[in-house]
Amino acid sequence: MLYILVTQRWEDLSAAVPAYAAADAHWNYTTGVEIGIISLLSWWPYIGAMVRMAPNGRRAAAPIMVGMGLPVPLLSAIGIAGILVLQVSDPAEWMRTVGGPTYGVIALLFVAAANLGTAVAGVYSSSIGLRHFPALQKLSWPMLLLISIAPVGVVGLLIPDLFFANFGTFIAFIGLGFAPLCGIQIVDYYFLRKRRIDVRGLFEDRPDSAYRFWSGFNPASLIAMAAGFCTYLYLLNPITYESRWPYDYLTAALPTAVVGGVVYALITLLVVKPAGKGRY
């Protein structure tokens, strides 16, 4: 597809102007970096699911990162070229317009096959998570899978155009949620716990279990998430993309992750750890 766009539509590609470009080139560049960061943050739970399904997590991590790092820039280049030339955000429309119906069908089959593995990992991890809710513990596995798939099915069948038209907002909300979460988990695992966790304690549901904290809630993480939300909203509005200083130099996701991690570390060291919670 990239080959067709470059060889057959080069004049259109070189003359194309991004639909939502701002007058400030620096802001445009930073926003491109921001979108790249938050797009990769969306893979945080997927990588966890892949590692979980592997016999050895340490061996699985490096191939997953290489598999993510090498093809994603190329795929992003295809997406950028498709949107610039065709002014449409729906990949199915690019393929049909550029190569014709036959090419479109073949390309979509490849896209479906390429997304099968990640879809399975996502549905599996979502269903495992749902089973932690007491009201859903007795549901059958097929019913849990159905609940996990249903929201995606509704979007894909009923409102795909609305979703694609607001994809920038969707991706920004991923940064709003995952940036502080990633900062918290990195600080907790690498700095506070020194990469040592109680695996059995992760699954125990007793009042005195390792990670029960206060009735199942850790105030350090909740306050850190709130601080991260506020930081991201201050730096970048996820709906309008209006920004404030120093967004142009730091993006929104990176400061949000730092703020979330720092707040979490301070509250943990000052309150949680002295109270004997969390088995630090």
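Above this note sits the structure.
Residues numbered from 1 in each chain as written. Predicted model: local features only at pLDDT ≥ 70, side-chain atom pairs only at ≥ 80, totals over all residues. Heavy atoms only, no water.

> How should the side chain of Thr-251 be read in this particular structure?
Relative to the assigned elements, Thr-251 resides in the loop between α13 (247–250) and α14 (253–272). Accessibility expressed as a relative area gives 5% for Thr-251, which makes it buried. Polar contacts involving the side chain of Thr-251 include one to the main-chain amide nitrogen of Leu-254, which spans 3.5 Å. When near neighbours in sequence (up to four residues on either side) are disregarded, Thr-251 contacts Thr-30, Val-33, Glu-34, Ile-37, Leu-235 and Pro-246. (Helix = DSSP H or I, 4+ residues; strand = E, 2+ residues; numbered from the N terminus. Buried < 20%, exposed > 50% of the residue type's maximum accessible area, 1.4 Å probe, protein only. Polar contact = N/O pair within 3.5 Å; in protein donor to acceptor, adjacent residues only side chain to side chain. Contact = heavy atoms within 4.5 Å.)

> What is the right way to look at a nonpolar patch on the surface in this model?
On the surface, Trp-214, Val-258, Val-262, Leu-266, Leu-269, Leu-270 and Val-271 cluster together to form a nonpolar patch covering roughly 660 Å² of accessible area. Tracing the backbone through its elements, the reader meets Val-262 in helix α14. (Patch = residues over 30% accessible without salt bridge, like charges linked within 9 Å, V, L, I, M, F, W, Y side chains within 5 Å. Areas by Shrake-Rupley, 256 points an atom, 1.4 Å probe, with all protein chains shown as cover. Salt bridge = Lys/Arg side-chain N within 4 Å of Asp/Glu carboxyl O.)

> Just to check I follow, could you spell out unusual backbone geometry for this structure?
Trans peptide bonds make up the majority, and among non-glycine residues the majority have a negative phi. For the bond from Trp-245 to Pro-246, the omega torsion is 5°, close enough to zero to count as cis. The residue Pro-246 is located in the loop between α12 (219–235) and α13 in this model. For Arg-195, which is not glycine, the phi torsion reads 65° and is therefore positive. Inspection of the secondary structure assignment puts Arg-195 in the loop between α10 (167–192) and α11 (199–203). When its relative accessible area of 44% is taken as the criterion, Arg-195 is described as partly exposed.

> I'm lost on the environment of Gly-48 in this one. Help?
The topology assignment puts Gly-48 in helix α4 (residues 44–53). Residues Gly-48 and Ala-61, 13 residues apart in the sequence, show an inter-C-alpha distance of 9.1 Å.

> I keep staring at the packing of aromatic side chains and nothing clicks. Help me out?
We describe a pair of aromatic rings using the distance from one ring centre to the other and the angle between the two ring planes. Tallying each qualifying case throughout the model produces seven aromatic pairs. Measuring from ring centre to ring centre gives 6.4 Å for Trp-27 and Tyr-247, while their planes differ by 50°; the resulting arrangement is tilted. Of the two residues, Trp-27 is situated in helix α3 (residues 25–41) and Tyr-247 in helix α13; the sequence distance between them amounts to 220 residues. Judged on exposure class, the residue Trp-27 and its partner Tyr-247 are both buried. Judged by centre distance (5.3 Å) and plane angle (50°), the rings of Trp-43 and Tyr-46 are tilted. Looking at Trp-43, the relative accessible area reads 24%, which means it is partly exposed. Given a relative accessible area of 30%, Tyr-46 falls into the partly exposed group. Three or more aromatic residues joined by ring pairs make a cluster, and in this case those are Phe-163, Phe-167 and Phe-170. Its end group placed over the ring of Tyr-280, Arg-193 keeps NZ or CZ at 3.9 Å from the ring centre. (Phe/Tyr/Trp six-rings, centres within 6.5 Å; stacked < 30°, edge-to-face > 60°. Lys NZ or Arg CZ within 6 Å of the ring centre and 35° of its normal.)

> Honestly, the environment of Ser-76 in this entry has me stumped. Any pointers?
If you trace the backbone, Ser-76 turns up in helix α6 (residues 71–86). Taking relative accessible area as the criterion, Ser-76 reaches 35% and is therefore assigned partly exposed. A sequence separation of 65 residues divides Ser-76 from Trp-141, and the C-alpha atoms of the two residues are 35 Å apart.

> Can you walk me through the packing of α6 against helix α7 (residues 91–130) in this structure?
For any two helices packed against each other, the geometry is given by the interaxial angle and the distance between the axes. Taken N-terminus to C-terminus, the directions of α6 and α7 make an angle of 70°; their axes are 10 Å apart at the nearest point. Relative to α7, the element α6 lies roughly perpendicular. Listed contacts from α7 to Ile-78, Gly-79, Gly-82, Ile-83 and Leu-86 of α6 are Trp-94, Thr-97 and Val-98. Residues that form the contact of α6 with α7 fall into these classes: five nonpolar, three polar and no charged. (Axes fitted to C-alpha atoms, helices over the stretch in contact; angles between N-to-C directions. Parallel < 35°, antiparallel > 145°, perpendicular 65-115°, else oblique. Nonpolar A, V, L, I, M, F, W, Y, C, P; charged D, E, K, R; others polar.)

> Would you mind going over the pattern of salt bridges with me for this structure?
Oppositely charged side chains may form a pair once their charged atoms are brought near each other. Going through the model one piece at a time under the given rule, you end up with five salt bridges. A salt bridge links Asp-198 to Arg-279; the shortest N-O distance between them is 2.5 Å. In this pair, Asp-198 is assigned in the loop between α10 and α11 and Arg-279 in the segment after α14, connecting sequence segments 81 residues apart. A salt bridge links Arg-206 to Asp-208; the nearest nitrogen and oxygen atoms lie 3.0 Å apart.

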